[in-house]
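# Overview (structure and organization)
Here are the chains, one letter per residue:
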Amino acid sequence: MTRKLKVYVDRMSQPSRAVLIFCRFNGIDFEEIKVDISKRQQLSPEFREVNPLQKVPAIVHGSFNLSESHAILVYLASAFPGIADHWYPTDLFRRSKINSVMDWHHSNLRHGAMGYVVNTVLGPALGLPLNHKAAAEAEKVLLSSLSKLENIWLNGDARFLLGGSQPSIADLSLVCELMQLEILDEKDRNRILSPYKKVLRWIEDTRTATNPHFEEMHNILYRAKKKFQQQRSRVAETGTEPSNKMGGHSKM
């Protein structure tokens with residue numbers, strides 16, 4: 001395939017950021033096409049032609065369309081020349097282990113982290129009421145997932161998942177998920193993450209290993225974090241309820 005890769009993303013989406021960081025870090029020539037979820041552009045007829053599931057990220061490479069971030073990362077690591085083997089190893093056993101982590105991720109870490117953030121912070125920005133019961137249930141899933149990360153997937157002294165000395169596509173996907181906790185109140189984020197020393201070190205190791213692209217792709221999240229902090233301060237000072245709009249930074 002000689003046609004330029006097209007990557008349809010919203011940088012406030014955790015999986016979108018993982019795909020973008022991978023492409024930038026590995027020097028893949030691509031066109032980034034923004035799909036603004038806050039404006040419901042993923043529901044447009046034009047985007048439905050790209051991804052009938054109407055979610056980001058999605059890619060078009062020549063006549064080939066693909067959705068779902070893990071499938072996209074696997075494809076990119078396999079289809080483009082010169083991608084280092086550590087991202088998605090040719091060794092069958094190690095590749096299968098990476099697949100197992102990514103399969104686990106969606107119904108565990110992502111389910112808990114996303115559910116908690118939506119029901120404690122993002123609800124009003126999405127036009128939804130905060131649901132404390134749902135937040136409590138999501139927190140249980142999140143803490144259980146962090147414990148498994150700490151004691152199973154990060155078992156030993158290695159810097160990355162499954163004993164790796166360099167990051168894989170699983171590391172990138174899972175760390176981008178946890179970065180969404182940045183928009184929480186700092187005390188809340190620290191309460192959740194601080195008991196998991198290996199997880200915190202792994203986040204920083206993955207950030208360092210993929211910079212400057214990691215920071216570039218997370219700048220939108222840092223800006224959203226500042227807006228939410230300012231909003232919380234206003235609520236504390238005035239007692240007024242937060243607005244349902246966050247200047248376009250409400251999308252997952």
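Described in the following lines is the structure provided in the data block. (Residues numbered from 1 in each chain as written. Predicted model: local features only at pLDDT ≥ 70, side-chain atom pairs only at ≥ 80, totals over all residues. Heavy atoms only, no water.)

## Let's talk about the state of the cysteines
Evaluated as defined, the whole model comprises zero disulfides. The thiol sulfur of Cys176 is not disulfide-bonded, and the nearest other cysteine sulfur, from Cys23, lies at 12 Å. (Disulfide = S-S within 2.5 Å.)

## Focus on the nonpolar core
Generally speaking, nonpolar side chains in soluble globular proteins are found buried as a group. With 65 residues, the main nonpolar core has Phe22, Leu76, Leu146, Leu149, Leu178 and Trp202 as its most contacted residues. By residue number, the principal contributor to this core is helix α7 (residues 169–179), which donates eight residues. Those residues in contact with Leu149, other than ones at most four positions away along the chain, are Trp104, Leu109, Leu154, Leu161, Leu174, Leu178, Val199 and Trp202. In terms of nonpolar packing, the next biggest core, distinct from the first, is built from seven residues, Val35, Phe47, Val56 and Val60 among them. (Core = buried A, V, L, I, M, F, W, Y, C linked by side-chain atoms within 4.5 Å. Buried < 20%, exposed > 50% of the residue type's maximum accessible area, 1.4 Å probe, protein only. Helix = DSSP H or I, 4+ residues; strand = E, 2+ residues; numbered from the N terminus. Contact = heavy atoms within 4.5 Å.)

## Topic: the pairing of strand β2 (residues 30–34)
Examined bridge by bridge, strand β1 (residues 5–9) and β2 share five bridges and lie parallel to one another. From the neighbouring strand, Lys6 faces β2, where its bridge partner is Glu31. For the crossover that starts at β1, traverses helix α1 (residues 14–25) and ends in the parallel β2, the hand is right-handed. (Pairing = 2+ DSSP bridges. Right-handed = clockwise from strand over helix to strand, strands pointing away.)

## Quick look at the sheet that holds β2
Spatially, the four strands line up as an open sheet ordered β2-β1-β3-β4, and their pairing is mixed. Two strands in the sheet have a free side with no partner beyond their single neighbour: β2 and β4 (64–67). Between one strand and the next, the sheet's axes are offset by a mean angle of 20°, whatever the strand orientation. Across four bridges, the pairing between strand β3 (residues 58–61) and β4 is antiparallel. In the sheet register, Val60 faces β4, and the bridge partner there is Asn65. The strands that α1 touches are β1 and β2; relative to β1, the one it contacts most, it runs at about 150°. In this fold helix α3 (residues 69–79) packs onto β1, β3 and β4, with an angle of close to 135° to the strand it touches most, β4. (Axes fitted to C-alpha atoms, helices over the stretch in contact; angles between N-to-C directions.)

## Overview of the pattern of salt bridges
This model, assessed by the stated rule, comprises 14 salt bridges. Linking Asp29 and Lys4 is a salt bridge whose minimum nitrogen-to-oxygen distance equals 3.7 Å. Here the residue Asp29 occupies a position in the loop between α1 and β2, and Lys4 occupies one in the segment before β1, the gap between them amounting to 25 residues. Asp29 sits in the exposed class, given a relative accessible area of 54%. Ionic pairing is found between Lys225 and Glu182, a salt bridge with its closest N-O pair at 2.9 Å. One end of the pair, Lys225, is in helix α10 (residues 213–238); the other, Glu182, is in the loop between α7 and α8 (186–193), and 43 residues separate them in sequence. You'll find Lys225 and Glu182 in the same group, each marked buried. Here the salt bridges do not stand alone but share partners, grouping Glu182, Glu186, Arg189 and Lys225 into one network. (Salt bridge = Lys/Arg side-chain N within 4 Å of Asp/Glu carboxyl O.)

## Side note on the environment of Ser100
Its location among the elements puts Ser100 in helix α4 (residues 92–107). Once the C-alpha coordinates of Ser100 and Ala170 are considered, the two residues, 70 residues apart in sequence, prove to be 9.3 Å apart. Of the polar contacts made by the side chain of Ser100, one reaches the backbone oxygen of Lys97; its length is 2.6 Å. (Polar contact = N/O pair within 3.5 Å; in protein donor to acceptor, adjacent residues only side chain to side chain.)

## Observations concerning unusual backbone geometry
Residue Pro57 follows Val56 across a cis peptide bond; omega there is 0°. Residue position: Pro57 is located in the loop between α2 (45–50) and β3. The step from Asn211 to Pro212 runs through a cis peptide bond, and the omega angle for that step is 5°. Mapped onto the fold, Pro212 is located in the loop between α9 (197–210) and α10. For Gln54, which is not glycine, the phi torsion reads 60° and is therefore positive. With respect to the element layout, Gln54 can be found in the loop between α2 and β3. Even without glycine at this site, Leu162 takes up a positive phi of about 60°. With respect to the helices and strands, the residue Leu162 is situated in the loop between α6 (132–153) and α7.

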